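The primary structure of each chain is shown beneath.
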Amino acid sequence: MGPLIPQDIISGDLNFFFALIIGIAFGFILEQAGFSSSRKLAGVFYGYDFVVLKVFFTAAVTAAIGLFFLKYLGWVDFNFLYVNPLYLWSALIGGIVMGFGFILGGFCPGTSLGAAVIGKIDAWFFIAGMFLGVFIFGIFYPVFEPLHTGYFLGNPFIYDTLGLSQQWFLFLLIFMALAAFAVTQLIEDNSTRFKELLYTQKLSVRYPLLFAFILSIIILFLPNQRHSYANEMSRNDLAAAILSNERYVPVEKVVHSLVHDVRDLHLVDVRPVAEFNTFHLPGAVSVPLENILEKTSEDNLTGTGKTTVLYANSSDKADMAWFFVTREGFKNIYVMEDGLNKMYNFLFSTPDTLVNNNNNMTPEEKFVQNARKWFREGSVQSAVKASMPAPSAAPAKAVKGGC
Amino acid sequence: MKNNQLFNSTLIFFLFIIFALLFSAITHKVKGYSVANKEVLNTLQGPYTLSYYDFYLLYKDTANDFTIVDLRTPEAFSKENLKKSVNIPFEKLFDKESLSKLKDLKESKLLVGNHQNETSLAYLYLTSAGLTDIKVLPGSFDILYNNIVKATNPSYFFYNEEKAQWDFPRQMGGENAKSTGPAPALPQQVEMKTPVKGGC
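Just so it is clear, the model here is predicted, and its values are computed rather than measured.

Visitor: Quick question: what am I supposed to make of the overall build of chain B here?
Guide: Within chain B one finds 9 helices and 4 strands. Going residue by residue from the N terminus, the α and β elements of chain B occur as α-α-α-β-α-β-α-β-α-β-α-α-α. The 200 residues of chain B split such that 42% are buried. Sequence-distant contacts in chain B: of pairs separated by 6 or more residues, those separated by 24 or more amount to 60%. Accessible area of chain B: about 10,800 Å², with a carbon and sulfur share of 56%.

Rendered as structure tokens:
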């Protein structure tokens, strides 16, 4: 269900429920479009009826325009979209096999089910053939495997490959669709077979075409995409926050909180996971800088009821992490000033004092000595070795699609 | 009437988009960024810093195209500065004039300042505001000036404040540290499902 399940707006448990509803709707629309007739479907290959091309092209263009604007308005996160990976050989050979099957059988898999439901016998045979094919493919999969997984190209986008902007690509796609509609209309008008069949009433397309044209022009001349979302801090506020230096928590406070077990600070380690595993402050959680904006990091940044303090080896990385989360709209995130390097300096730069001299120590010295003892006591091993699963950059849940 | 069906559905689709655009245009508060937060974060994947070694090679030859943006105070700048550098104090960096001044610079910009974290924040801010071709010189002006420009000390060629300067676990990983505080929360594991491919 689009962006709703990956973003936990709807529970993923309802996935199959929505799949059922959408599937029924899809089948109904296919049937209504006349796609349960193999003559109509095969017509696109014999050149007398192009309704298949029109329906699927319309669907693609409608979805493309809708998604484009939803993304533009910041309502849909493109990272959640599932993009079918491109295996070149399976795409080419599968496409050819599918095309021949389409011409010979007069159905494509989805429409065959639609036709079977309304009782067409040829569709039942088609489905039987489909299952036979799936069965053969499954049994002999080792033979097909190099073909099936060969020449993997990742998830390329056409507009990236062509070096076009998304806007221009969409514009060209709309125009290609409109041109295809016009050409096929001409062919249909001249086809005697089409007139014999008379499946379709001729529709007036003047206004829909006008709308499509206006939309394509809007797409082309949209101002720069708005990247800001509701909670995002404005640039001027962010500049003021950078200059105010209110975000810094001195190392002494963190040490005090740890040694005296105050538990008022929620420590977040923004260094890479490897460094976190070697050493981290007691009770700290790991959110590497490159994952700081991911949805899964959100719980580790807020909602603990404590003051969140970011730290790294110096202020540098922690400040950068602070920049991103503050701009994103998180409030009350702090930075441990000058990081672990400073903390180490603070704790271990003075010589150890003998216990006998305890009385001559200033309170500051005493504090440092206590903290030093607290940190050092026990084994030399790092505090807690956490086996960190490497956070994957893959989107949380991919949205699966298909027509 | 079938005519009306086609007309109505396209009209609804069309009007929905127009209204959504208008709605967002009216209710939208301008935040003033030209690059998304995530994209700024992604720029950190590339080499956004210039190591002192690369700087050393670049700085030797005046024919190279670069401008050093010095973020220190004007007083410090007037005392000692690098060639081909402009002074934009960190406090004034966020003004409109500074931004337009930086936007006019055609050469690649190298940021250097009082502290590395300041320089990095300046980089992030300027990248968010739409500037490109910026690099951060790690450390501070003093370290750069004393160890690379005035006298070249190769041990500073790959200096970075963010490096761990000490062996932390040796002194700080004691038993006490182990016993306090909750166990570190593990980041949520990302669920990897075998993608199901659909088709018609």
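Visitor: What am I meant to see in the overall build of chain A here?
Guide: Helix and strand content of chain A: 18 helices and 5 strands. With 403 residues in all, chain A has 40% of them scored as buried. Roughly 21,700 Å² of accessible area belongs to chain A as shown, and the carbon and sulfur atoms make up 64% of that amount.

Visitor: I tried to follow the pattern of salt bridges on my own but got confused; where do I start?
Guide: Charged atoms that come close allow side chains of opposite charge to pair. Residues and elements named next belong to chain A. Under the criterion given, the structure shown has 7 salt bridges over all chains. Here Lys 253 and Asp 264 are joined by a salt bridge, their closest N and O atoms 3.5 Å apart. Of this pair, Lys 253 sits in helix α13 (residues 251-259) while Asp 264 sits in the loop between α13 and β2 (265-269), placing them 11 residues apart in sequence. Judged by relative accessible area, which is 39%, Lys 253 ranks as partly exposed. Looking at Asp 264, the relative accessible area reads 27%, which means it is partly exposed. Across the pair Arg 271 and Asp 269 runs a salt bridge whose closest N-O atoms are separated by 2.9 Å. Here Arg 271 falls in the buried class, since its relative accessible area comes to 2%.

Visitor: In this structure, what is going on with the nonpolar core? I would like to understand it.
Guide: Most often, soluble globular proteins keep nonpolar side chains buried together rather than apart. Ile 292, Leu 310 and Phe 324 of chain A are the most contacted members of the largest nonpolar core, which has 51 residues in total. For this core, the secondary-structure elements that each account for two or more residues are α12 (235-244), α16 (315-328) and β5 (333-336) of chain A together with α2 (37-43), α5 (96-104), α6 (116-128) and β4 (134-136) of chain B. Ranked by residues supplied to this core, first place goes to α16 of chain A with 7 residues. Setting aside its immediate chain neighbours within four residues, Phe 324 of chain A contacts Leu 289, Ile 292 and Leu 293 of chain A together with Asn 37, Val 40, Leu 41, Leu 44 and Leu 124 of chain B. Residues Met 343, Leu 347 and Val 368 of chain A together with Met 172 of chain B belong to the second largest nonpolar core, which totals 28 residues.

Visitor: In this structure, what is going on with the sheet that holds strand β1 (residues 248-249) of chain A? I would like to understand it.
Guide: Hydrogen bonds along the backbone pair up the strands of a sheet, which may run parallel or antiparallel. Residue and element names in this part refer to chain A. One open sheet holds the 5 strands; their spatial order is β1-β5-β4-β2-β3, and the pairing between them is parallel. For this open sheet the edge positions go to β1 and β3 (285-286), each flanked by a neighbour on one side alone. The sheet contact formed by β1 and β5 spans 2 bridges and is parallel. By the bridge assignment, Tyr 248 is partnered in β5 with Val 335. Sheet contacts for α16: β1, β4 (307-311) and β5; angle to β5, the most-contacted strand, approximately 170 degrees.

Visitor: Help me understand α5 of chain B, please; the structure alone is not making it clear to me.
Guide: Along an α-helix, residues three or four apart share an orientation, since each turn contains 3.6 residues. Within α5 of chain B, the full set of buried residues consists of Ser 98, Leu 99 and Leu 102 of chain B. One side of α5 of chain B holds all its buried residues, which, seen down the axis, span an arc of 100 degrees. What points out from α5 of chain B, more than 90 degrees from its buried face, is the exposed set Lys 96, Glu 97 and Asp 104 of chain B. Buried-residue contacts for α5 of chain B involve α12 of chain A together with β1 (66-70), β3 (108-112) and α6 of chain B.

Visitor: Which parts of the structure should I look at to understand the packing of aromatic side chains?
Guide: Ring pairs (aromatic) are described by centroid distance and by the angle formed between their planes. This structure, assessed with the given rule, holds 34 aromatic pairs over all chains. Relative to Phe 171 of chain A, the ring of Trp 168 of chain A lies with its centre 5.5 Å away and its plane at 80 degrees, an arrangement referred to as edge-to-face. With Trp 168 of chain A and Phe 171 of chain A both in helix α9 (residues 166-190) and 3 residues apart, the pair spans about one turn of that helix. The partly exposed category is assigned to Trp 168 of chain A, whose relative accessible area is 44%. With centroids separated by 4.6 Å and ring planes inclined at 80 degrees, the aromatic side chains of Phe 94 of chain B and Tyr 125 of chain B adopt a geometry described as edge-to-face. Taken together, the residues span a long stretch of sequence, with Phe 94 of chain B in the loop between β2 (85-87) and α5 and Tyr 125 of chain B in helix α6 at a distance of 31 residues. Classification of Phe 94 of chain B as buried rests on a relative accessible area of 11%. With a relative accessible area of 1%, Tyr 125 of chain B lands in the buried category. Across from the ring centre of Tyr 33 of chain B, 3.5 Å away, lies the NZ or CZ of Arg 327 of chain A, which sits over that ring.

Visitor: Can you walk me through the pairing of β4 of chain A in this structure?
Guide: Along any regular strand the residues' side chains alternate between the sheet's two faces. Residue and element names in this part refer to chain A. With 4 of its 5 residues buried, β4 lies for the most part within the structure. The sheet contact formed by β2 and β4 spans 5 bridges and is parallel. Its bridge partner being in β4, Val 268 is matched across the sheet by Leu 310. The pairing of β4 with β5 spans 3 bridges and is classified as parallel. If you follow Thr 308 over to β5, its bridge partner there is Ile 333.

Visitor: Help me understand the environment of Pro 208 of chain A in this model?
Guide: Secondary-structure assignment places Pro 208 of chain A in helix α11 (residues 206-220). Residue Pro 208 of chain A is classed as buried on the basis of its relative accessible area of 11%.

Visitor: When you look at the side chain of Asn 37 of chain B in this model, what are you seeing that I'm missing?
Guide: Tracing the backbone through its elements, the reader meets Asn 37 of chain B in helix α2. The class of Asn 37 of chain B is buried, set by a relative accessible area of 4%. There is a polar contact of 3.0 Å between the side chain of Asn 37 of chain B and the backbone oxygen of Phe 324 of chain A. If sequence neighbours within four positions are ignored, Asn 37 of chain B has contacts with Glu 232, Leu 293, Phe 324, Arg 327 and Glu 328 of chain A.

Visitor: Looking at this model, I keep getting lost on helix α17 (residues 339-348) of chain A. Mind explaining?
Guide: Summarising burial for α17 of chain A: 8 of the 10 residues are buried, a large majority. By the burial criterion, the buried members of α17 of chain A are Gly 339, Leu 340, Asn 341, Met 343, Tyr 344, Phe 346, Leu 347 and Phe 348 of chain A. In this structure, the buried residues of α17 of chain A make contact with α13, β4, α16, β5 and α18 (363-376) of chain A together with α8 (168-172) of chain B.

Visitor: Would you mind going over unusual backbone geometry with me for this structure?
Guide: Phi is mostly negative for residues that are not glycine, and the peptide bonds are mostly trans. Residues and elements named next belong to chain A. For Asn 245, which is not glycine, the phi dihedral falls at a positive 60 degrees. Residue Asn 245 is classed as partly exposed on the basis of its relative accessible area of 44%. A positive phi angle is found at Arg 263, which is not glycine, with a value near 60 degrees. Within the secondary structure, Arg 263 is located in the loop between α13 and β2.

Calculation rules
- Residues numbered from 1 in each chain as written.
- Chains lettered and ligands numbered in written order.
- Predicted model: local features only at pLDDT ≥ 70, side-chain atom pairs only at ≥ 80, totals over all residues.
- Heavy atoms only, no water.
- Helix = DSSP H or I, 4+ residues; strand = E, 2+ residues; numbered from the N terminus.
- Buried < 20%, exposed > 50% of the residue type's maximum accessible area, 1.4 Å probe, protein only.
- Contact = heavy atoms within 4.5 Å.
- Areas by Shrake-Rupley, 256 points an atom, 1.4 Å probe, with all protein chains shown as cover.
- Salt bridge = Lys/Arg side-chain N within 4 Å of Asp/Glu carboxyl O.
- Core = buried A, V, L, I, M, F, W, Y, C linked by side-chain atoms within 4.5 Å.
- Pairing = 2+ DSSP bridges.
- Axes fitted to C-alpha atoms, helices over the stretch in contact; angles between N-to-C directions.
- Arc of directions from axis to C-beta.
- Phe/Tyr/Trp six-rings, centres within 6.5 Å; stacked < 30°, edge-to-face > 60°.
- Lys NZ or Arg CZ within 6 Å of the ring centre and 35° of its normal.
- Polar contact = N/O pair within 3.5 Å; in protein donor to acceptor, adjacent residues only side chain to side chain.

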